[in-house]
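Observations on chain architecture
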Protein chains: 2
Amino acid sequence: MKKRYLLAPGPTPVPERVLQAMSLPMMHHRTPEFESIMEGVRSDLKYLFQTEKEVLILACSGTGAMEGAVVNLLSRGDRAVVVRGGKFGERWAEICNAYGVEVINIDVTWGEAVDPAIIREMINKNKDVRAVFMQATETSTGVKHPVKEIAEIIRDLPETALVVDGITGVGVFDLPMDRWGIDLLVGGSQKALMLPPGLAFACLSEKAWKMVERSNLPKYYFDFRKELKNLIKNQSAYTPAVSLVIGLHESLKMIREEGLENVFSRHRRFAEATRAAVEALGLKLYAPKSPSEAVTAVLAPEGIDAQKIVRIMRDKHGIIIAGGQDRAKGKIFRISHMGYIDRFDLITAISALEMTLQELGYSFDLGIGVKTMEEYLR
Amino acid sequence: MKKRYLLAPGPTPVPERVLQAMSLPMMHHRTPEFESIMEGVRSDLKYLFQTEKEVLILACSGTGAMEGAVVNLLSRGDRAVVVRGGKFGERWAEICNAYGVEVINIDVTWGEAVDPAIIREMINKNKDVRAVFMQATETSTGVKHPVKEIAEIIRDLPETALVVDGITGVGVFDLPMDRWGIDLLVGGSQKALMLPPGLAFACLSEKAWKMVERSNLPKYYFDFRKELKNLIKNQSAYTPAVSLVIGLHESLKMIREEGLENVFSRHRRFAEATRAAVEALGLKLYAPKSPSEAVTAVLAPEGIDAQKIVRIMRDKHGIIIAGGQDRAKGKIFRISHMGYIDRFDLITAISALEMTLQELGYSFDLGIGVKTMEEYLR
């Protein structure tokens, strides 16, 4: 007998009451019942995104909403700056390239955050840059990027939008869209929102909506204007992912009940505790200077393959964490603390990590990680 | 106390065992467990699509897969024939237009099927047509189009693909992709597959995959080659809609257990019974010459607003059927018999329809619809 503990940075565990809501008989979307759910969801999404704008709900993975951001804001031949410090930064550049948007890459060393001064310099040198694309958390490296500082640079430029992939960010830490002046904030269902994957979100500022009017890139399924027109009638342009929207209704209620401030401080505490625990085990963080509250990326000890750690954790102990991606593969493993994770899930993960490291011949004080975590979380 | 009966042409009811499968704790997609589910799903989708090709699984509504079909097959300036005999035929044309594909519309009267001879004529006149887009069932009118006959016209043309929207078709009636020579068959989760909306499918012939190689329309999220590369490793290009895929695994098992032939004949019998019942009530079919086994479209009696019938059925009796869309709005109502619908759901729907019609002052023999249906279904 072995229980499963999911501590990967997406999908994350789905709360029992959300699973239950989603397992009710199928509901038709063109009914007053569903429209009333949509009305609640719209209001709660505004709370979550800290905005007065509508938050679009799309039936797709996060990447679909990222593509939507590019094709709705920009036009063929436009120039854009992309912060590339991991796999998801690279994805922004790939999407831009696919649509003929000229990309100026800011290549950031994996594990490091982008320096806002470089963005300022790039923008000053290239006055025709129409958008800056970045991540709130670069999930592949566990880095948190300085969104607020970058928003300050861009918010007064009338024709340049700041586009933030907040898939691993919204609902994890503070990203007040309106107050900071983010122009397009993307979210996903399978992270802090505690839902299965299959829904993505996009919220646009006034400035962004003006750019949408001018955009000439081809689009159909991800046409944001068409979605907005339907959303304000509590509908969607195409058949919505009904069961996921019903789950969303429930998970947003949970976030409201806990309160955004408490949600953020829970993530902060859990991230601190996780970092303290792995450091107590003598391990090094992959993103020590700017770690995210969503996921902690840890370098495997010298001579030990990180994939082996991930595999033993999973096959022997039932703990699902993530390995590294692309160039970080084999070098790091990643423990998520976002969404429906409690203290004892983290204690369990650290305990299993200790057993795994011991099995792999790594030398440390057995129990020191768990003890450190208890000190933080008691 | 009022129970709900869902007889709309999508979403359709989700079987209890599928709901149950989807309500298990969240599973990570990069695990042997999920990969083994994907392996089963791949094999069962081939059975459902009657093909030896891989069936791509996309996290989106059916419209997303329709867009995928256009952007993966064609190039800017290509010409395509679109069968436009309802809302979904129009959608093919809209997607083509959005991507700069030149459309030759074959406008078919709503409620009628396209005549294959017209397709042959169009193709002969326009040798450079790269694709013919059509629906298996035009859901908005309840028409079944002659896919087999059209496939015979196109299958020997080396550079022209037949693209069939089988969202309301696959798993309802026989659409043997390989045998007939359909080049791209699109499916959706929320119809005969008895799942919530949020998944779509696309299966491509050898000819279609060759066209994909040449296609230069921009695409990213709907890049079929990238999906195929991942699918054969039991993965997907982007985070899959995990819970829906797990539901799919279960619903495909149900279809296997019943057997495709039995599934088809069930839909045939239910459609016949529904048509007989509404005709016994003195009502007229909207698509009398080529009705689909998926959904029966019925003209409201003279002087009665079809939307009123739909509303009374829903609010007073708990029966969810669909009204007409666009130009058919107010004129027709649509009763679906696809997916997880049994005889007594249909008896219930006809019974509620009788009560509704009586309330609206329509004169007929009360009970005659139900009696006719019993004769067909006993």
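Residues numbered from 1 in each chain as written. Chains lettered and ligands numbered in written order. Predicted model: local features only at pLDDT ≥ 70, side-chain atom pairs only at ≥ 80, totals over all residues. Heavy atoms only, no water.

1. Details of the overall build of chain A
- Of regular secondary structure, chain A possesses 14 helices and 15 strands.
- A globule of 378 residues ought to have a C-alpha radius of gyration of about 21 Å, and chain A, at 21 Å, matches this closely.
- Overall size of chain A, expressed as C-alpha extent along the three principal axes, is 60 × 55 × 30 Å.
- Considering chain A as a whole, with its 378 residues, one finds that 67% of them fall into the buried category.
- Carbon and sulfur atoms form 47% of the exposed surface of chain A, whose accessible area is close to 13700 Å². (Helix = DSSP H or I, 4+ residues; strand = E, 2+ residues; numbered from the N terminus. Rg over C-alpha atoms; globule rule 2.2 N^0.38 Å. Buried < 20%, exposed > 50% of the residue type's maximum accessible area, 1.4 Å probe, protein only. Areas by Shrake-Rupley, 256 points an atom, 1.4 Å probe, with all protein chains shown as cover.)

2. Quick notes on the sheet that holds strand β11 (residues 284–285) of chain A
Residues and elements named next belong to chain A.
- With antiparallel pairing, the four strands of this open sheet are ordered in space as β11-β12-β15-β14. Taken across any chain shown, the strands that pair with only one partner, and hence form the sheet edges, are β11 and β14 (322–323).
- For strand β12 (residues 295–299) and strand β15 (residues 332–336), the ladder comprises five bridges, and the chain directions are antiparallel. Note on β15: the bridge partner recorded for Val298 is Phe333.
- Of the strands in this sheet, β11, β12 and β15 are in contact with helix α11 (residues 260–280), which crosses β12 at around 15 degrees. (Pairing = 2+ DSSP bridges. Contact = heavy atoms within 4.5 Å. Axes fitted to C-alpha atoms, helices over the stretch in contact; angles between N-to-C directions.)

3. As for the relation of the copies chain B and chain A
- Overlay of chain B on chain A (RMSD 0.0 Å): rotation 180 degrees, translation along the axis 0.0 Å. In short, the pair behaves as if placed about a two-fold rotation axis. The position closest to the rotation axis in chain B is occupied by the C-alpha of Cys60 of chain B, lying 2.4 Å away.
- Both copies contact each other with a shared surface, as 100% of the interface residues of chain B are interface residues in chain A too. (Least-squares fit on C-alpha atoms with pLDDT ≥ 70 in both.)

4. Structural notes on the packing of aromatic side chains
Residues and elements named next belong to chain B.
- All told, the structure shown has 15 aromatic pairs over all chains when counted by the stated rule.
- Their ring planes at 70 degrees and their centres at 6.5 Å tell us that Phe49 and Phe201 sit as a pair that is edge-to-face. Of this pair, Phe49 sits in helix α2 (residues 32–49) while Phe201 sits in strand β10 (residues 199–204), and the two are 152 residues apart along the sequence. Of the two residues, Phe49 and Phe201, both sit in the buried class. (Phe/Tyr/Trp six-rings, centres within 6.5 Å; stacked < 30°, edge-to-face > 60°.)

5. Some remarks on the interface of chain B and chain A
- Taken residue by residue, the interface counts 52 residues in chain B and 53 residues in chain A.
- Interface area, chain B with chain A, both sides summed: about 3800 Å², of which 65% is carbon and sulfur.
- Connecting chain B to chain A are two salt bridges.
- Ionic pairing is found between Glu33 of chain A and Arg4 of chain B, a salt bridge with its closest N-O pair at 3.4 Å. (Buried area = accessible area lost by both parts, 1.4 Å probe. Salt bridge = Lys/Arg side-chain N within 4 Å of Asp/Glu carboxyl O.)

6. Here we look at unusual backbone geometry
Residues and elements named next belong to chain A.
- The step from Gly10 to Pro11 runs through a cis peptide bond, and the omega angle for that step is -10 degrees.
- Relative to the assigned elements, Pro11 resides in the loop between β1 (5–6) and α1 (16–22).
- Positive phi outside glycine occurs at Gln50, with the angle close to 50 degrees.
- Considering the arrangement of structural elements, one finds Gln50 in the loop between α2 (32–49) and β2 (55–59).
- A positive phi angle is found at Met194, which is not glycine, with a value near 65 degrees.
- With respect to the helices and strands, the residue Met194 is situated in the loop between β9 (184–188) and β10 (199–204).

7. Re the packing of helix α3 (residues 62–73) of chain B against helix α4 (residues 87–98) of chain B
All names here are of chain B.
- For the pair α3 and α4, the least separation of the axes is 10 Å and the interaxial angle reads 50 degrees. As the angle between them shows, α3 and α4 are arranged oblique. Crossing handedness for the pair α3 and α4: right-handed. Every residue of α4 that contacts α3 at Thr63, Met66, Glu67, Ala69 and Val70 is listed here: Phe88, Arg91, Trp92, Ile95 and Cys96.
- Looking at the contact of α3 with α4 residue by residue, the classes come out as seven nonpolar, one polar and two charged. (Parallel < 35°, antiparallel > 145°, perpendicular 65-115°, else oblique. Left-handed = near helix turned anticlockwise from the far one by under 90°. Nonpolar A, V, L, I, M, F, W, Y, C, P; charged D, E, K, R; others polar.)

8. Description of the sheet that holds β9 of chain A
All names here are of chain A.
- Strand order in the open sheet made by the seven strands is β2-β10-β9-β8-β5-β3-β4, with mixed pairing throughout. Of all strands in the sheet, those with a lone pairing partner are β2 and β4 (102–107), marking the two edges. The sheet shows a mean angle of 20 degrees between the axes of neighbouring strands, direction not considered.
- In this structure, β2 lies alongside β10, joined through five bridges in antiparallel fashion. Paired with Leu56 across the two strands is Ala202, which belongs to β10.
- Helix α6 (residues 147–154) rests against β5 (129–135) and β8 (161–165) of the sheet, and its axis sits at about 160 degrees to β8.
- Along the sheet, helix α8 (residues 206–214) contacts β2, β5, β8 and β10; its crossing angle with β10, the most-contacted strand, is approximately 100 degrees.

9. Remarks on the pattern of salt bridges
Residue and element names in this part refer to chain A.
- Applying the stated criterion across every chain yields a total of 44 salt bridges over all chains.
- Across the pair Asp128 and Arg79 runs a salt bridge, and its minimum N-O distance is 3.2 Å. Taken together, the residues span a long stretch of sequence, with Asp128 in the loop between α5 (116–125) and β5 and Arg79 in strand β3 (residues 79–84) at a distance of 49 residues.
- Assessed through its relative accessible area of 35%, Asp128 is described here as partly exposed.
- Taking the relative accessible area as the measure of exposure, Arg79 reaches 21% and is therefore partly exposed.
- Of the charged contacts in the structure, one is a salt bridge between Lys316 and Glu359, with a shortest N-O distance of 3.0 Å. You can see Lys316 sitting in helix α12 (residues 306–317) and its partner Glu359 sitting in helix α13 (residues 343–359), a full 43 residues away along the chain.
- What makes Lys316 partly exposed here is its relative accessible area of 48%.
- Via salt bridges that share partners, Arg17, Glu250, Lys253 and Glu257 belong to a single interconnected network.

10. What about the state of the cysteines?
All names here are of chain A.
- Inspection of every chain in the model, using the stated rule, returns zero disulfides over all chains.
- Free cysteine: Cys96, not disulfide-bonded; nearest cysteine sulfur from Cys60 at 17 Å.
- Relative accessible area serves as the criterion here: at 0%, Cys96 is assigned to the buried category. (Disulfide = S-S within 2.5 Å.)

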